[in-house]
Amino acid sequence: MTLKLALAAVVVVGCGLCGAAMTRSANRRWRLLRETADGLRQLRVQIVHLQEPLDRALRQSGSSLFALAADHLDGASCAAEAWRRAWETAGRRGGEGDCLAGRDVRAIERLFDRLGESGRAGQQEAIRACLATVEAAAEEARSRAAEVSRLYTVVGLLVGLAVAVLLI
């Protein structure tokens, strides 16, 4: 009987941890989108107002994804190619950006298609459009993360309890 109770406790804890892991994933997307939005605001200042070179502006933006793209600028023919190379590693499972949705990535891709390819006004417009998309996605991710955090942890514990009852 003691073994069954110990096994039931392990099952409940394991299911609860699974629910908590799903909650962390949703929170991670929200944090990354928030960081990216902040980075876009700083990038606008760096490029449009201070007229910094693109690689320096990307590194000083405070966004880890943008800094990663800046690291690939040397061997790339344009900013879009640098982003694609950076995304190959950041977008993989376990990578820094693996939590982003496809529409999030497409908005950033559209930005990098125009960075360094047009004048200040064109780049400012590209940053503004990307920022609007990322901010909307961040707000959606925030509400989703709040919903998921309330739901999945409790559901995980309840599923664990149900399995534990069946074991006993």
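A brief structural summary.

## Focus: the overall build of the protein chain
Phase 1 of the analysis: Tallying secondary structure elements over the protein chain gives 6 helices and 0 strands in all.
Phase 2 of the analysis: Reading the protein chain from its N terminus to its C terminus gives the helix and strand order α-α-α-α-α-α.
Phase 3 of the analysis: Here the C-alpha atoms of the protein chain give a radius of gyration of 21 Å, more than 25% beyond the 15 Å that 2.2 N^0.38 yields for 168 residues.
Phase 4 of the analysis: Projecting the C-alpha coordinates of the protein chain onto the three principal axes gives extents of approximately 75 × 30 × 20 Å.

## Focus on the nonpolar core
Within soluble globular proteins, side chains that are nonpolar generally end up buried alongside one another.
Phase 1 of the analysis: Judged by nonpolar contacts, the single largest core of 38 residues is most densely connected at Leu-40, Leu-43, Leu-58, Leu-111, Phe-112 and Leu-115.
Phase 2 of the analysis: For this core, the elements supplying multiple residues, two or more each, are helix 1 (2-49), helix 2 (54-59), helix 3 (64-71), helix 4 (79-90), helix 5 (102-114) and helix 6 (120-167).
Phase 3 of the analysis: Setting aside chain neighbours within four positions, we find Leu-111 in contact with Leu-40, Leu-43, Phe-66, Ala-126, Ile-127 and Cys-130.

## Topic: the environment of Arg-28
Phase 1 of the analysis: Within the secondary structure, Arg-28 sits in helix 1.
Phase 2 of the analysis: Judged by relative accessible area, which is 29%, Arg-28 ranks as partly exposed.
Phase 3 of the analysis: Contacts of Arg-28, omitting those with residues within four sequence positions, involve Gly-95, Glu-96, Gly-97, Asp-98 and Cys-99.

## Let's talk about unusual backbone geometry
Phase 1 of the analysis: Its identity as a non-glycine residue notwithstanding, Gln-51 has a phi of 55°, on the positive side.
Phase 2 of the analysis: Here Gln-51 lies in the loop between helix 1 and helix 2.

## Section: helix 5
Phase 1 of the analysis: Taking 1.5 Å per residue, 13 residues should reach 18 Å; helix 5 reaches 19 Å between its end C-alpha atoms and fits that length.
Phase 2 of the analysis: Those residues of helix 5 that fall on the buried side of the exposure criterion are Asp-104, Val-105, Ala-107, Ile-108, Leu-111 and Phe-112. Projected onto a plane normal to the axis of helix 5, the buried residues spread over an arc of 155° and lie on a single side.
Phase 3 of the analysis: Of the surrounding secondary structure, the elements contacted by the buried residues of helix 5 are helix 1, helix 2, helix 3, helix 4 and helix 6.
Phase 4 of the analysis: Just beyond helix 5, the residue with positive phi is Gly-116, at close to 75°.

## Considering the pattern of salt bridges
Close approach of charged atoms lets side chains of opposite charge pair.
Phase 1 of the analysis: Across all of its chains, the model carries 14 salt bridges by this definition.
Phase 2 of the analysis: One salt bridge in this structure joins Asp-98 and Arg-28, with 2.6 Å as the shortest N-O distance. Taken together, the positions of Asp-98 in the loop between helix 4 and helix 5 and Arg-28 in helix 1 put the pair 70 residues apart, joining distant regions of the chain.
Phase 3 of the analysis: Arg-85 serves as the salt-bridge partner of Glu-81, at 2.5 Å between the closest nitrogen and oxygen. In this pair, Glu-81 and Arg-85 are both assigned in helix 4, 4 residues apart and thus about one turn of the helix distant.
Phase 4 of the analysis: Note on Glu-81: relative accessible area 22%, which makes it partly exposed.

## Focus on a nonpolar patch on the surface
Phase 1 of the analysis: Together, Met-1, Leu-5, Leu-7, Leu-151, Val-155, Val-159, Val-163, Leu-167 and Ile-168 line one region of the surface with nonpolar side chains, adding up to about 770 Å² of accessible area.
Phase 2 of the analysis: Every element with two or more residues in the nonpolar patch is listed here: helix 1 and helix 6.
Phase 3 of the analysis: Looking at which element gives the most residues to the nonpolar patch, the answer is helix 6, with 5 residues.
Phase 4 of the analysis: A relative accessible area of 42% places Leu-151 in the partly exposed class.

## A few points about the packing of helix 1 against helix 3
Phase 1 of the analysis: Contact pair helix 1 / helix 3: the axes reach a minimum separation of 8 Å and the direction vectors enclose 60°. By the angle class used here, helix 1 and helix 3 are oblique. When helix 1 is examined against helix 3, the residues Leu-32, Glu-35, Thr-36, Gly-39, Leu-40 and Leu-43 are found in contact with a partner set consisting of Ser-64, Leu-65 and Phe-66.
Phase 2 of the analysis: For the contact of helix 1 with helix 3, the residue count by class is 5 nonpolar, 3 polar and 1 charged.

Conventions and cut-offs
- Residues numbered from 1 in each chain as written.
- Predicted model: local features only at pLDDT ≥ 70, side-chain atom pairs only at ≥ 80, totals over all residues.
- Heavy atoms only, no water.
- Helix = DSSP H or I, 4+ residues; strand = E, 2+ residues; numbered from the N terminus.
- Rg over C-alpha atoms; globule rule 2.2 N^0.38 Å.
- Core = buried A, V, L, I, M, F, W, Y, C linked by side-chain atoms within 4.5 Å.
- Buried < 20%, exposed > 50% of the residue type's maximum accessible area, 1.4 Å probe, protein only.
- Contact = heavy atoms within 4.5 Å.
- Expected span 1.5 Å × (residues − 1).
- Arc of directions from axis to C-beta.
- Salt bridge = Lys/Arg side-chain N within 4 Å of Asp/Glu carboxyl O.
- Patch = residues over 30% accessible without salt bridge, like charges linked within 9 Å, V, L, I, M, F, W, Y side chains within 5 Å.
- Areas by Shrake-Rupley, 256 points an atom, 1.4 Å probe, with all protein chains shown as cover.
- Axes fitted to C-alpha atoms, helices over the stretch in contact; angles between N-to-C directions.
- Parallel < 35°, antiparallel > 145°, perpendicular 65-115°, else oblique.
- Nonpolar A, V, L, I, M, F, W, Y, C, P; charged D, E, K, R; others polar.

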